[in-house]
Amino acid sequence: MKKLFLLDAFALIYRAYFAFSKNPRVASNGLNTSAAYGFTTAVLDVIRKEKPTHLAVVFDTAEPTERHIEFADYKAHREAMPEDISSNLPYIFEILDALQIPALKIPGWEADDIIGTLAKRAKKDGFTTYMMTPDKDYCQLVEDGIYVYRPARLGNGVEILGIPEVQAKFDVQRPDQVIDILGLMGDAVDNIPGVPGVGEKTAQKLIKEYDSMEGLYQNLHHLKGKLLENLTQFKEQAFLSKKLATIHVECDIHIDEESFAVGPPHIEKLKKVFGELEFRTLLQRLLNENGVVAEGAAAPASAPVNDLFSQESEQPEQPAQELRNIHNTPHEYILVQSPQQMEALLAELNAADVFCFDTETTGLDTTTALIVGLAFSTQKNKGWYVPLLGAEEEKIKVLEPFKALLVHPGKVKVAHNIKYDLAILRRYGLEASHQLFDTMLAHYLINADMKHNMDVLAETYLHYQPVSIEALIGKKGKNQLSMADIDLEQVKEYAAEDADITLQLYHLFAPQLKEMGAIELFHTLEMPLVHVLLDMEQEGINLDTEGLKSYSAEMEIQLREIEHAIYEACGKTFTINSPKQLGDILFEELRIMEKPQKTKTGQYATGEEVLSKLRDAHPVVAMILDYRQLQKLKSTYVDALPTLVNPKTKRIHTSYNQAVAATGRLSSNNPNLQNIPIRSEKGREVRKAFIARGPEYKILSADYSQVELRIIAALSNERNMIQAFKDGMDIHTATAANVFQVAPDQVDRDMRSKAKAVNFGIIYGQSAFGLSEQLGIKRAEARDIIDSYFTQFPGIKSYMDQSINNAREKGYVETIMGRRRYLADINSRNAVVRGFAERNAINAPIQGSAADIIKKAMIDIHAAWQNQPLKSKLLLQVHDELVFDAHIDEIATIEPIIRAKMQQAVNLVVPLEVEIGTGDNWLEAH
């Protein structure tokens, strides 16, 4: 049988590259070889496993196609090819040449058109053809003898789609109907618009009933409502979309059986290119003693490629899709159901120096979730699961034997996202302390820019795919089950696996923390902070819900007034929140500017960034911006905050995230306190709703004054700025005096405002263009201000240049306390990408140091209060500010402690200043 494989090159190359994005393959010369390695492995695997007689790889070209000419926005929003892919392309072509596999491309035609043409012609020539691609669009080409071959990924096997599979996948009678479905629903990947409001399910239903798009439009009279309206209005767009989605099968190309035939590779060429890319294991796979040729020998002229790849072996260079899992990995997970099993578990835990623990619960909310089990692991591929059944009192009794183990000073207790487990255990009377190790926080210090959830870490570092929670309890929604509903045997496998995998991650991450010098930061900052945050979350803060209700009603009246004013200014009513209607009003009827910007869908751009620049073009623009701001404030905070009050405690309990912001800053959610607006008067009013516990308490706010500017002054050793801080001067006035060459008492408001913008803009790498936009001045003036700034503060410029140079040399930057931020793109050849990394090189040590300083202050304050019977509590951390519930009788005691611990968190050459205020609510205190 003649068996032809046609490979969609770029679809497979991109897929291979992103499969390694979390753990890229980098050669010793710094070249990221992920794309070449992943693609080559895929090619070799298909040759070895499928044994095709013929094979070709098909590429797109840069020339515009008929689709681009027909529809200018076709694929318009696709980002430029990452340079880590483009740099691999010459090697990929070299590898294909060495394997003697033809690389095909035709200017003006896409790969799918070439593959479609070849597949149809190959059928006539007696071939069975497999189109190897992850792209679903190819399903329209399927017929007897032509299949879509979707390669394996993340533990899922290869998927081969013939006629029955396409029928089932798209709910169609014929594969060619896939074109009609794609035309109706559109394709976001290729920017094919489709018909608004028509998704996959609706498209399938319509084509099932009317056979084709043409049949649908002949029967529109059977439809009604919004669907009829959209289909009628966007008829032309629908047929254009179908045309764009149709794969052409008439390219000027024919089957060349001789060149497509799978034959022997050119070993010397292969050695050369694999050697350059450092694909040692792949090369050995070809040339090992179990294969046709040995290292250094020439390949026999008759040796077919698929024989060369017939030997499977364990290798460190596993392709990303070949992951281990619970089904193919030997393991021993024990369900503890008898006194003897419990005794054996306790004996193993008592004998272990390190053990992992993991709670299983009925939900994610620590205030309401019930514990259903506790998992442990002390060694690789072994775990225990203790189910906790019955009444809560019974669970407490079962947990009792673990109390001493969890606080044992000589044992390392490991968990992933340990704060959650501590919160759950605390509700059942258990604490965990001494030598705690959170693998999530450890990885956060190792690589802050990656995701830190256990599944991702397991796949990246252990090449293991854990059982997903959705596989156990179902997808989110009303039909999702609780852990309490699942068979114990299944829960045991899931829970013990989590503990096992987390323990394996500990053994990887603990040495890495030491190697990179982050172990002290981990044990003295991040881990102690867990207990501080846990106490803050459980304490919560009082909320004036009645005040917010009154403010909401007030804002509703203001919104109606602004709405009426907008209608008056525009001369008609319309839906203000409709970008299309608003765009038509502003740019077609009012014509507030020539040549307005449009979105990719052809609508006028009316986003905040666009309208902010047009604020002075017409009075209605300012009204619209005010309307949006007020509406967002009302819905996001004023109306939403009361719904977050805990019904039991009657307080707001925000959740703090330690491992989200790459800078080291804390973030929070439910509510997100970091984003409560404070620049506008209406935004500040929201803070008024956060009130003291009762009449015997005040809200106390302690806020670092200009901490980031003090840090950059210290890091840069800029003498003029350091002296200004030491003299207690207003830093923006001092900066203005230096920049504009006037005495401090001659600095006016405009000068100070410009100096303030530069002071903070410099931290974020602001350009003259950015400063001119912010201040509304000419770019030349902005450039003069920045140049004068660097002349007066040369240390700042030296610090910036040195930070970038150090980052280029090391690949990372560090905070004062040693927190690293890796900058993979610092040496990028792409100026835009490199510029972003350079700004991070300047900013990350400053922001990260500010984050470390306030974390240290929180830990020190918390520790100082532990030995005193204080009623006052630390409640919130927002940016550079700490918020407390302060008992009136204790303010004189706690204020000096707070100030001292915040000011002494780190020793800098400039003093750290702290502003402290009190009031009945957060606004008054701040």
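Structure: see above.
Rules used throughout
Residues numbered from 1 in each chain as written. Predicted model: local features only at pLDDT ≥ 70, side-chain atom pairs only at ≥ 80, totals over all residues. Heavy atoms only, no water. Helix = DSSP H or I, 4+ residues; strand = E, 2+ residues; numbered from the N terminus. Rg over C-alpha atoms; globule rule 2.2 N^0.38 Å. Buried < 20%, exposed > 50% of the residue type's maximum accessible area, 1.4 Å probe, protein only. Contact = heavy atoms within 4.5 Å. Areas by Shrake-Rupley, 256 points an atom, 1.4 Å probe, with all protein chains shown as cover. Lys, Arg positive; Asp, Glu negative; His and termini not counted. Charge placed at Lys NZ, Arg CZ, Asp CG, Glu CD. Core = buried A, V, L, I, M, F, W, Y, C linked by side-chain atoms within 4.5 Å.

**Student:** Account for the overall build of the chain, naming residues and giving values.
**Tutor:** Scanning the chain from terminus to terminus reveals 40 helices and 25 strands. Here the C-alpha atoms of the chain give a radius of gyration of 32 Å, agreeing with the 29 Å that 2.2 N^0.38 yields for 926 residues. For the chain, the spread of C-alpha atoms along the three principal axes comes to 90 × 80 × 60 Å. Every one of the 926 residues in the chain was classed for burial, and the buried ones make up 52%. Excluding contacts between residues fewer than 6 apart, the proportion of contacts in the chain whose partners are at least 24 apart in sequence is 69%. Per element, the accessible surface of the chain, about 42,400 Å² overall, is 50% carbon and sulfur. In the chain, which carries 100 positive and 128 negative side-chain charges, the distance between the mean positions of the two groups comes to 2 Å.

**Student:** Tell me about unusual backbone geometry, and name the residues and values.
**Tutor:** The amide bond that connects Asn-670 to the next residue, Pro-671, takes the cis arrangement and shows omega of 0 degrees. Mapping Pro-671 onto the fold places it in the loop between strand 18 (667-669) and helix 30 (681-687). Of note, Gln-435 is a non-glycine position whose phi angle comes to about 55 degrees, a positive value. Within the secondary structure layout, Gln-435 lies in the loop between helix 20 (418-427) and strand 13 (436-438).

**Student:** Describe the nonpolar core, with residues and values.
**Tutor:** Generally speaking, soluble globular proteins have nonpolar side chains that are buried together. Membership of the largest hydrophobic core comes to 200 residues, with the highest contact counts inside it found for Phe-376, Phe-402, Phe-437, Tyr-704 and Ile-898. In terms of residue count, the dominant contributor to this core is helix 38 (residues 831-866) (13 residues). Not counting residues up to four positions away in its chain, the partners in contact with Phe-402 are Met-342, Leu-345, Leu-346, Leu-349, Leu-374, Phe-376, Val-386 and Leu-430. Core analysis: the next-biggest nonpolar cluster, separate from the first, contains 50 residues, Ala-119, Leu-184, Phe-234 and Ile-253 among them.

**Student:** Tell me what's going on with the side chain of Lys-242, and back it up with residues and numbers.
**Tutor:** Along the chain, the position of Lys-242 falls in helix 12 (residues 235-245). Owing to a relative accessible area of 15%, Lys-242 belongs among the buried residues under this scheme. Not counting chain neighbours up to four residues away, the residues in contact with Lys-242 comprise Ile-179, Asp-180, Gly-183, Met-213 and Glu-214.

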